[in-house]
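# Structure at a glance
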Amino acid sequence: MKKRVKTLFSLSTLLASFFGTALIATAFAYFNYKFAEYKFINFKDWTFYEKSAIFQPKAKKYIVVFYSSKQHNTTQMLSHVDLNYPILAIDYYNQAHKNSTHTTFLRSGTKNSLLFIQRFNIYDVPSIFFIKRIKDSLYKQDSIIMKLDNLEQLSQKVKQL
């Protein structure tokens, strides 16, 4: 008659540790993906100007519109749009425009603009997305980036987000 010898290393221990490790790795990968899905912007590190003054964010949430002032009537339309949140309108051509009641027109240097385009993966203009304050001047992207066919779609797209 053979006696079974109990060992600390058994098949069930091996499988449990394998599945435990796989579960932890999956959870880490998922949360790493979710964290990286939306980008951050710190207005202390990124300098944007309203006319000649440096922009200091005040609202808890903004709608960011990246647009081209060379497209017909875009600046005028952005000046007159009234949505639930204030708008930060960033011009691709960095032209200075007068702010309106609900829209703040921003511009910056070429390097900053290119970094902004790269950070948020903006491929088309006009594009919109939300940002919300995390703390002080640190904001996090709070929606997907949507391309607009034209600025008349702005209020419709904002309702979808």
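Below is a short write-up of the structure.

Cut-offs applied
Each chain has its residues counted from 1, running along the sequence as written. Predicted model: local features are reported for residues with pLDDT of at least 70 only, side-chain atom pairs are reported and counted for 80 or more only, and whole-chain, interface and lining totals are derived from all residues. Where side-chain values are given, they derive from all heavy atoms of the structure, hydrogens and water being excluded. Here a helix means four or more residues in a row that DSSP labels H or I, a strand means two or more in a row labelled E, and each is numbered from the N terminus. Classification of residues uses two cut-offs on accessible area relative to the type maximum, computed with a 1.4 Å probe and protein chains only: under 20% is buried, over 50% is exposed, and between them is partly exposed. Strands pair, by our definition, only if DSSP identifies at least two bridges between them. Put simply, buried Ala, Val, Leu, Ile, Met, Phe, Trp, Tyr and Cys residues joined by side-chain atoms within 4.5 Å make one nonpolar core. For this analysis, residues touch if any pair of their heavy atoms sits within 4.5 Å. Put simply, two rings from Phe, Tyr or Trp (the six-membered ring, in Trp's case) pair if the centres are within 6.5 Å, and we call them stacked under 30 degrees between planes, edge-to-face over 60, tilted for the rest.

Structurally, Phe66 can be placed in strand β4 (residues 61–67). By relative accessible area, which is 2% here, Phe66 ends up buried.

Time to look at the pairing of strand β7 (residues 127–135). Two strands pair when backbone bridges link them, and β4 and β7 are joined in this way by six bridges, in the antiparallel orientation. Looking across to β7, one finds that Phe66 is bridged to Ser127. In this sheet, strand β9 (residues 146–147) lies alongside β7 in antiparallel orientation, the contact comprising two bridges. Across the sheet, Ser127 pairs through a bridge with Lys147, a residue of β9. As defined by bridge partners, β7 adjoins strand β8 (residues 138–141) across four bridges and the pair is classed as antiparallel. For Arg133, the partnering residue across the bridge sits in β8 and is Tyr139. With antiparallel pairing between neighbouring strands as the criterion, β7 and β8 make up a hairpin whose turn holds two residues, including Asp136 at a positive phi of roughly 45°.

Before going further, it helps to spend a moment on the nonpolar core. Formed by 19 residues in total, the largest nonpolar core has its most connected members in Ile41, Phe43, Phe48, Leu88, Phe116 and Ile131. Mapped onto this core, the elements with two or more residues apiece are β4, β5 (87–91), α3 (110–119) and β7. Take this core: its biggest share by element is three residues, from β4. Not counting residues within four places of it along the chain, the set of residues in contact with Ile41 comprises Trp46, Phe48, Phe116, Arg119, Phe120, Ser137, Leu138 and Tyr139. The next biggest cluster of nonpolar side chains, apart from the first, holds 15 residues, and it includes Leu78, Leu83, Met146 and Leu154.

Counting across every chain of the model gives 15 aromatic pairs. Measuring from centroid to centroid gives 5.5 Å for Phe43 and Tyr139, while their planes differ by 80°, and the two rings are edge-to-face. Taken as a pair, Phe43 in the loop between β1 (40–42) and β2 (49–50) and Tyr139 in strand β8 lie far apart in primary sequence, 96 residues in all. For the pair Phe43 and Tyr139, a shared accessibility class is recorded, and that class is buried. With 6.2 Å between their ring centres and 85° between their planes, Phe66 and Tyr92 make a pair best called edge-to-face. Residue Phe66 is located in strand β4, and its partner Tyr92 is located in the loop between β5 and β6 (103–106); the two are separated by 26 residues in the primary sequence. A relative accessible area of 42% means that Tyr92 is categorised as partly exposed.

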